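Residue-level listing of the chains:
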Amino acid sequence: MLLKKSKKKQKPNMKPASFAYESMGTHWEVSIWDSLEKDQFQKLKQEIIAMSEIFDNTYSRFIPTSLVSQISSKTGNVEVPGDFIQMIKLYEQFFKISQKKVNPLIGNTLSDMGYDQYYSLKKKDTIQHTPDLLETVTIIDSNHIKIKQPVLFDFGGLGKGYFVDKITHYLLKNNLKHILVNGSGDINYQSDTPITVGLEHPLDTTKVIGTLEFSRGAMCSSATNRRAWGEYHHIIDPITLNSPSEILAAWVTTDSAALADGLTTALFFVPPEQFLSHYKFEYLLLNNNLKVKRSPGFKAV
């Protein structure tokens, strides 16, 4: 978690109603500062955990019965949920801007490198090529895609952030106004009262490289010390089949956790300036010489 646990600047007796659970291979926490009846809180908790299970069982390539696993051998027209379409649309934008570096069709490549459903961490002799997204997958309508050749989708580049937003929108629709959704460091915070977050040092998780006062919006992070094995970490260049090594960690703040999550992956491959002409966001990058590059609006101290 590259974002240390947030602390809300409120009166000492103003504690949130919160709950935590495990899903998608990581830790989730939801905090609510609005007044809630016990039954209402329990209903929200149960619904969010159920939503998480459905999302994981639909989009995880590590689950053999998931949708992405089931369609990995299919071609032609395939029916998919609306969330699938929305994530693919965002991936298409990132794919174009990143010179094809951010690609959700990297699933088989990652599996062959050892990041498979068994977490074998053993590299195969032959690694499958990652197909071109735009040549391989076509969006037909809000619930259908056309697949040219068998592919294994991997939504790890922005899926967690997307679901952080999904929980946030669910809570907002329930008329809650002071909430924090934390998907293991990918957060969406909705309140006018600032919180302070620590930026975890990627080489020493007991330390932070700085703190940031943050109010209303999303913040995500990524680093090379997470899910690393052998010569790889979880971010893979699908063209060179290497893990980028120049950047150690990236932090992004913007309106959407899905966008922030995707950017913290993309900025390992391309300069932030290439994305700033398309999206509004603030960033901080830490390179392998422990030098920092940040946008003017990312005011970490």
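Report follows, based on the coordinates.

Let us look at the overall build of the protein chain. From N to C terminus, the protein chain includes eight helices and 14 strands. Scaling as 2.2 N^0.38, a compact globule of 301 residues should have a C-alpha radius of gyration of about 19 Å, and the protein chain matches this with 19 Å. Taken over 301 residues, the protein chain has a buried fraction of 54%. Within the protein chain, contacts between residues at least 6 apart in sequence are counted, and of these 65% link residues at least 24 apart. Element-wise, carbon and sulfur atoms account for 49% of the exposed surface of the protein chain, whose accessible area totals about 14400 Å². Here the protein chain carries 34 positive and 31 negative side-chain charges, and the mean point of each set is 4 Å from the other.

By the definition in use, this model includes 23 aromatic pairs. On the basis of an interplanar angle of 45 degrees and a centroid distance of 4.7 Å, the ring pair of F55 and Y59 is categorised as tilted. A residue pair is termed a helical-turn pair when its members lie 3 or 4 positions apart in one helix, as F55 and Y59 do in helix α1 (residues 38-59) at four residues. Its relative accessible area of 8% is what places Y59 among the buried residues.

Another aspect to go through is the sheet that holds strand β6 (residues 144-147). Read from one edge of the open sheet, three strands run β4-β6-β5, paired in antiparallel fashion. Two strands in the sheet have a free side with no partner beyond their single neighbour: β4 (76-79) and β5 (137-141). Taking each pair of neighbouring strands and ignoring which way they run, the sheet shows an average axis angle of 30 degrees. Of the strand pairs in this sheet, β4 and β6 are connected by four bridges, and their pairing is antiparallel.

By secondary structure assignment, the location of E273 is in helix α8 (residues 273-276). Residue class for E273 comes out partly exposed when judged on its relative accessible area of 43%. Only 3.2 Å separates the side chain of E273 from the side chain of K293, close enough to count as a polar contact.

Moving on to helix α7 (residues 257-266). The element α7 is extensively covered by neighbouring structure, given that ten of its ten residues are classed as buried. Burial in α7 covers these residues: A257, A258, L259, A260, D261, G262, L263, T264, T265 and A266. Along its buried surface, α7 packs onto α3 (82-97), α6 (159-173), β8 (186-190), β11 (217-223), β12 (247-254) and α8. One side-chain oxygen at the N-terminal end of α7 lies 3.2 Å from the backbone nitrogen of A258; it belongs to S256.

As defined by bridge partners, strand β9 (residues 195-201) adjoins strand β10 (residues 204-214) across seven bridges and the pair is classed as antiparallel. In the sheet register, H201 faces β10, and the bridge partner there is D204. With antiparallel pairing between neighbouring strands as the criterion, β9 and β10 make up a hairpin whose turn holds two residues.

Our focus in this paragraph is the environment of W28. Position of W28 relative to the elements: it lies in strand β3 (residues 26-32). We classify W28 as buried; its relative accessible area is 0%. Separated by 154 residues in the primary sequence, W28 and N182 have C-alpha atoms spaced 5.7 Å apart. Those residues in contact with W28, other than ones at most four positions away along the chain, are F19, A20, Y21, S23, K160, F163, V164, I167, N182 and G183. Among the polar contacts made by the side chain of W28, one reaches the main-chain carbonyl oxygen of S23 at a distance of 3.0 Å.

Within the largest apolar cluster, 65 residues are counted, with the highest numbers of intra-cluster contacts made by F84, F153, L171 and F275. Top contributing element to this core by residue count: α3, with nine residues. L171 has contacts with V30, I32, L44, I48, L176, I179 and V181, leaving out every residue within four places of it along the chain. Counting residues in hydrophobic clusters, the runner-up holds 17 residues, among them I187, L199, A223 and L284.

Pairing in this open sheet of eight strands is antiparallel, and the strands run β2-β3-β7-β8-β11-β12-β13-β14 from one edge to the other. On the outer flanks of this sheet lie β2 (17-23) and β14 (292-294), each paired with one strand and no other. Averaged over neighbouring strand pairs, the angle between their axes works out to 10 degrees when direction is ignored. Judged from the three bridges that link them, strand β13 (residues 282-287) and β14 form a sheet pairing that is antiparallel. Following the sheet pairing, L285 is matched in β14 by K293.

What follows deals with the pattern of salt bridges. For the coordinates displayed, the defined rule picks out ten salt bridges. R61 is the salt-bridge partner of D154, the closest N and O atoms lying 2.4 Å from each other. One end of the pair, D154, is in the loop between β6 and α6; the other, R61, is in the loop between α1 and α2 (67-70), and 93 residues separate them in sequence.

About the criteria used
- Residues numbered from 1 in each chain as written.
- Predicted model: local features only at pLDDT ≥ 70, side-chain atom pairs only at ≥ 80, totals over all residues.
- Heavy atoms only, no water.
- Helix = DSSP H or I, 4+ residues; strand = E, 2+ residues; numbered from the N terminus.
- Rg over C-alpha atoms; globule rule 2.2 N^0.38 Å.
- Buried < 20%, exposed > 50% of the residue type's maximum accessible area, 1.4 Å probe, protein only.
- Contact = heavy atoms within 4.5 Å.
- Areas by Shrake-Rupley, 256 points an atom, 1.4 Å probe, with all protein chains shown as cover.
- Lys, Arg positive; Asp, Glu negative; His and termini not counted.
- Charge placed at Lys NZ, Arg CZ, Asp CG, Glu CD.
- Phe/Tyr/Trp six-rings, centres within 6.5 Å; stacked < 30°, edge-to-face > 60°.
- Pairing = 2+ DSSP bridges.
- Axes fitted to C-alpha atoms, helices over the stretch in contact; angles between N-to-C directions.
- Polar contact = N/O pair within 3.5 Å; in protein donor to acceptor, adjacent residues only side chain to side chain.
- Core = buried A, V, L, I, M, F, W, Y, C linked by side-chain atoms within 4.5 Å.
- Salt bridge = Lys/Arg side-chain N within 4 Å of Asp/Glu carboxyl O.

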